[in-house]
Amino acid sequence: EPEVTQTPSHQVTQMGQEVILRCVPISNHLYFYWYRQILGQKVEFLVSFYNNEISEKSEIFDDQFSVERPDGSNFTLKIRSTKLEDSAMYFCASSEGAYYSNQPQHFGDGTRLSIL
Amino acid sequence: AQTVTQSQPEMSVQEAETVTLSCTYDTSESDYYLFWYKQPPSRQMILVIRQEAYKQQNATENRFSVNFQKAAKSFSLKISDSQLGDAAMYFCAYRGTSGTYKYIFGTGTRLKVLA
């Protein structure tokens, strides 16, 4: 069964550094998402992406964050200048469906981001 | 704004027994989707079951079933014949149909299965 893949599985970065988290969504999916989960807390929506543009972003997704689909397969989340509070598990997800589709989102294994 | 509440941070069940995980949500939408995801220690979230709000019939997937009460805005997950492999964090998620497809998650319930 096709899977969403994320790399790296664990990223350790100094505060203030830029970090890029990478995701390869399922190939025929059209909608892409990033979520984060701070340790012990619930999974929170960051951003959704469709047709090469952001369709929605949360208040967490400030100017330090950006997303890109640089080619036909990768979907990246960039944090420009990391802060301690960016430490979290970041999940990429993709879905196939159209507006009223019940197609679920498929999640990757996540990237654990640790900011020192 | 929509919210999802899982009031049970942790539950335990004996192997082969039945357990019910609760989830309530708040929304003003009439059409939406609800999901249960399982997150084992390996971290990847795996879809367990889904329910369309316009369907009155409760969804069932093998040992997993839901009790969907639309008027009460309740969406509980029942796991029958619990197995050791069911031990995981379970998240309830809501997805609306008015302009965005993002999931809104509950805080999760950690399920322990006792041998």
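Right above here is the structure, for reference.
Reading guide: rules and limits
Residues numbered from 1 in each chain as written. Chains lettered and ligands numbered in written order. Predicted model: local features only at pLDDT ≥ 70, side-chain atom pairs only at ≥ 80, totals over all residues. Heavy atoms only, no water. Helix = DSSP H or I, 4+ residues; strand = E, 2+ residues; numbered from the N terminus. Rg over C-alpha atoms; globule rule 2.2 N^0.38 Å. Buried < 20%, exposed > 50% of the residue type's maximum accessible area, 1.4 Å probe, protein only. Contact = heavy atoms within 4.5 Å. Areas by Shrake-Rupley, 256 points an atom, 1.4 Å probe, with all protein chains shown as cover. Lys, Arg positive; Asp, Glu negative; His and termini not counted. Charge placed at Lys NZ, Arg CZ, Asp CG, Glu CD. Disulfide = S-S within 2.5 Å. Pairing = 2+ DSSP bridges. Core = buried A, V, L, I, M, F, W, Y, C linked by side-chain atoms within 4.5 Å. Salt bridge = Lys/Arg side-chain N within 4 Å of Asp/Glu carboxyl O. Buried area = accessible area lost by both parts, 1.4 Å probe. Polar contact = N/O pair within 3.5 Å; in protein donor to acceptor, adjacent residues only side chain to side chain. Nonpolar A, V, L, I, M, F, W, Y, C, P; charged D, E, K, R; others polar.

(A) Broad picture of the overall build of chain A. Scanning chain A from N- to C-terminus turns up 0 helices and 11 strands. Ordering the α and β elements of chain A from the N terminus gives β-β-β-β-β-β-β-β-β-β-β. What you see for chain A is a C-alpha radius of gyration of 14 Å, in line with the 13 Å of a compact globule of 116 residues. Looking at the 116 residues of chain A, the share that counts as buried comes to 46%. For chain A, the share of sequence-separated contacts (at least 6 apart) that also reach a separation of at least 24 residues comes to 55%. Accessible surface, chain A as shown: approximately 5,800 Å² in total, 45% of it carbon and sulfur. For chain A, the distance from the average position of its 9 positive side-chain charges to the average position of its 15 negative side-chain charges is 5 Å.

(B) Representation of the state of the cysteines within the structure. By the definition in use, this model includes 2 disulfides over all chains. At a sulfur-sulfur separation of 1.9 Å, the disulfide partner of A:C23 is A:C92. Across the S-S bond linking A:C23 and A:C92, the dihedral sits near -65 degrees, which makes this disulfide left-handed. Taken together, the positions of A:C23 in strand β3 (residues 19-24) and A:C92 in strand β9 (residues 88-95) put the pair 69 residues apart, joining distant regions of the chain. The two residues A:C23 and A:C92 agree in class, both being buried. A disulfide bridge connects B:C23 with B:C92, and the sulfur atoms are separated by 2.0 Å. For the disulfide bridge between B:C23 and B:C92, the dihedral angle about the S-S bond is near -70 degrees, and by the sign convention the bridge is left-handed. Placement of B:C23 in the loop between β3 (19-21) and β4 (24-26) and of B:C92 in strand β10 (residues 88-96) is noted, with a sequence separation of 69 residues between them. Neither residue differs from the other here; B:C23 and B:C92 are each classed as buried.

(C) Layout of the environment of B:F105. Inspection of the secondary structure puts B:F105 in strand β11 (residues 103-105). Take B:F105: its relative accessible area is 1%, and that puts it in the buried class. Remark: the alpha-carbon pair of B:F105 and B:E17, spanning 88 residues in sequence, is separated by 27 Å. Ignoring sequence-local partners within four residues, the contact set of B:F105 consists of A:Y35, A:K42, A:V43, A:F107, B:V4, B:M45, B:F91, B:C92 and B:A93.

(D) A look at the pairing of strand β8 (residues 75-79) of chain A. All names here are of chain A. By the criterion of burial, β8 is predominantly enclosed, with 4 of the 5 residues buried. Here β3 pairs with β8 via 5 bridges, running antiparallel. Within β8, the position partnered with I20 by the bridge is K78. Across 4 bridges, the pairing between strand β7 (residues 65-68) and β8 is antiparallel. When the bridges of β8 are listed, S66 appears paired with K78. Counted along the chain from β7 to the antiparallel partner β8, the turn is 6 residues long.

(E) How the structure looks around the nonpolar core. One finds B:Y25, B:W36, B:F75, B:L77, B:Y90 and B:L111 to be the most contacted residues of the largest nonpolar core, which totals 26 residues. Look past the residues within four positions of B:F75 in its chain and what remains in contact with it is B:C23, B:Y25, B:L34, B:F35, B:W36, B:Q51, B:V66, B:N67, B:F68 and B:C92. Core analysis: the second largest hydrophobic core is formed by 22 residues, A:F61, A:V67, A:C92 and A:L113 among them.

(F) Representation of the pattern of salt bridges within the structure. All names here are of chain A. With the rule as written, the count across this model stands at 6 salt bridges over all chains. A salt bridge links R36 to E44, with the nearest nitrogen and oxygen atoms 3.4 Å apart. For R36, a relative accessible area of 10% puts it in the buried group. For E44, a relative accessible area of 24% translates into the label partly exposed.

(G) Summary view of the interface of chain B and chain A. Residue-level contacts link 23 residues of chain B with 24 residues of chain A. Note on chain B versus chain A: buried area summed over both sides is about 2,200 Å², and carbon and sulfur give 49% of it. For chain B, the biggest contributors to the area lost against chain A are B:R43, B:Q44 and B:Y101; these three give 30% of the whole. On inspection of chain B and its partner chain A, the count reaches 1 salt bridge. One salt bridge in this structure joins B:K102 and A:E56, with 2.9 Å as the shortest N-O distance. Across the chain B-chain A interface, the total number found is 7 residue pairs in polar contact (both at pLDDT 80 or more). Elements with a minimum of two residues in the side of chain B that touches chain A: β5 (32-39), β6 (46-52), β10 and β11 of chain B. Of the residues forming the side of chain B that touches chain A, the biggest block, 4 residues, is contributed by β5(B). A per-class count over the side of chain B that touches chain A returns 9 nonpolar, 8 polar and 6 charged.

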